[in-house]
Amino acid sequence: ILRTHGPKCRVLFPGRCFRNEELDASHENTFFQMEGMMVDKDVSIANLIYFMKTLLSEIFKKDVEVRLRPGYFPFVEPGFELDIKCIYCEGKGCKACSHTGWMELCPCGMIHPNVLKEAGIDPDKFNGFAFGLGFDRLVMIKTGLDDIRYLNSGNLKLLSQYKTKI
C-alpha cells in the first residue's frame, strides 16, 4: 500500500491470520485481524493513542482507558502492546484480566524508518503508526466468551446462542 499510494495514507484492511502460537483461552493460531496505518508529516504517538482510544470507545460503546507498554515488533520502532482497562472489573482485577486490571489488546507502534525507505518514502519527511487488532479478541470481550478457541471450534450449541444461522 505504501509503495502504490505513497505517503499521506490512512488505511484499514481486514484479513485472516495464521501464526505459530501456543494455544490457550486467549490465544489461537488462526484468527481474523484488522491492520491499520497512518502515514503523513508529523504523526506522533499521541495520534496513535487518540486513534485507538476513539476506535475502541466506539466499539465498546463507552469511554475506554488505554495504556502502552513497550513491545518488540520488527516493523515498528518504538513498538508497544496496547492494553485497555478491563471492561468487566473496571481495573479492580478479575479472571478476564488475569487480576491485573488491564486487558492486552493489540500490538502497535511507530512505523520503522526502514519500512518507509523500502516503500520509497523519505523517513525524514514522513512517519506514521501501525497496529493489528484481532476481531476474535474483540468478539470474546464483547460477548463475555471465556475461551477464544470456541470461535473456530464448530460448536453448534455455542453458535446458536448468538442466533447465528447455520
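Since we're looking at a predicted model, the values are computed, not measured. (Residues numbered from 1 in each chain as written. Predicted model: local features only at pLDDT ≥ 70, side-chain atom pairs only at ≥ 80, totals over all residues. Heavy atoms only, no water.)

S.K.: I keep staring at the pairing of strand 6 (residues 127-134) and nothing clicks. Help me out?
M.R.: Put simply, side chains in a regular strand alternate between the two faces of the sheet. Judged by how many residues are buried, strand 6 sits mostly within the fold: seven of eight residues are covered. In this sheet, strand 6 lies alongside strand 2 (residues 30-40) in antiparallel orientation, the contact comprising eight bridges. By the bridge assignment for strand 6, M34 is matched with L133. By the bridge criterion, three bridges tie strand 5 (residues 102-111) to strand 6 in an arrangement that is antiparallel. Bridge pairing in strand 6 links M110 to F129. (Buried < 20%, exposed > 50% of the residue type's maximum accessible area, 1.4 Å probe, protein only. Helix = DSSP H or I, 4+ residues; strand = E, 2+ residues; numbered from the N terminus. Pairing = 2+ DSSP bridges.)

S.K.: What exactly am I supposed to notice about the nonpolar core here?
M.R.: Generally speaking, a soluble globular protein has its nonpolar side chains buried in company with each other. Counting residues in hydrophobic clusters, the biggest one holds 28 residues, and the most contacted among them are L56, F60, L82, I84, L105 and L133. Looking at this core, the elements with two or more residues in it are strand 2, helix 2 (45-60), strand 4 (76-85), strand 5, strand 6 and helix 4 (135-143). The contact partners of L82, leaving out residues within four places of it in the chain, are M52, L56, V66, R67, L68, M103, E104, L105, C106 and C108. In this structure, M37, V39, L116 and A130 belong to the second largest nonpolar core, which totals 13 residues. (Core = buried A, V, L, I, M, F, W, Y, C linked by side-chain atoms within 4.5 Å. Contact = heavy atoms within 4.5 Å.)

S.K.: Any chance you could explain the sheet that holds strand 1 (residues 9-18) here in plain terms?
M.R.: Strands sit in the order 1-2-6-5-4-3 across an open sheet of six strands; the sheet is antiparallel. Of all strands in the sheet, those bounded by a partner on one side alone are strand 1 and strand 3 (66-70). On average, adjacent strands in this sheet sit at an angle of 25 degrees to one another, irrespective of strand direction. (Axes fitted to C-alpha atoms, helices over the stretch in contact; angles between N-to-C directions.)

S.K.: Sorry, what's going on with the environment of L151 here?
M.R.: Along the chain, the position of L151 falls in the loop between helix 4 and helix 5 (156-161). When near neighbours in sequence (up to four residues on either side) are disregarded, L151 contacts D136, V139 and L145.

S.K.: Which parts of the structure should I look at to understand the pattern of salt bridges?
M.R.: As a working rule, side chains carrying opposite charge can pair if their charged atoms are close by. Summed over the entire model, instances satisfying the criterion amount to nine salt bridges. If you follow the salt bridges from partner to partner, you end up with R67, R69, D83 and E104 in one network. (Salt bridge = Lys/Arg side-chain N within 4 Å of Asp/Glu carboxyl O.)

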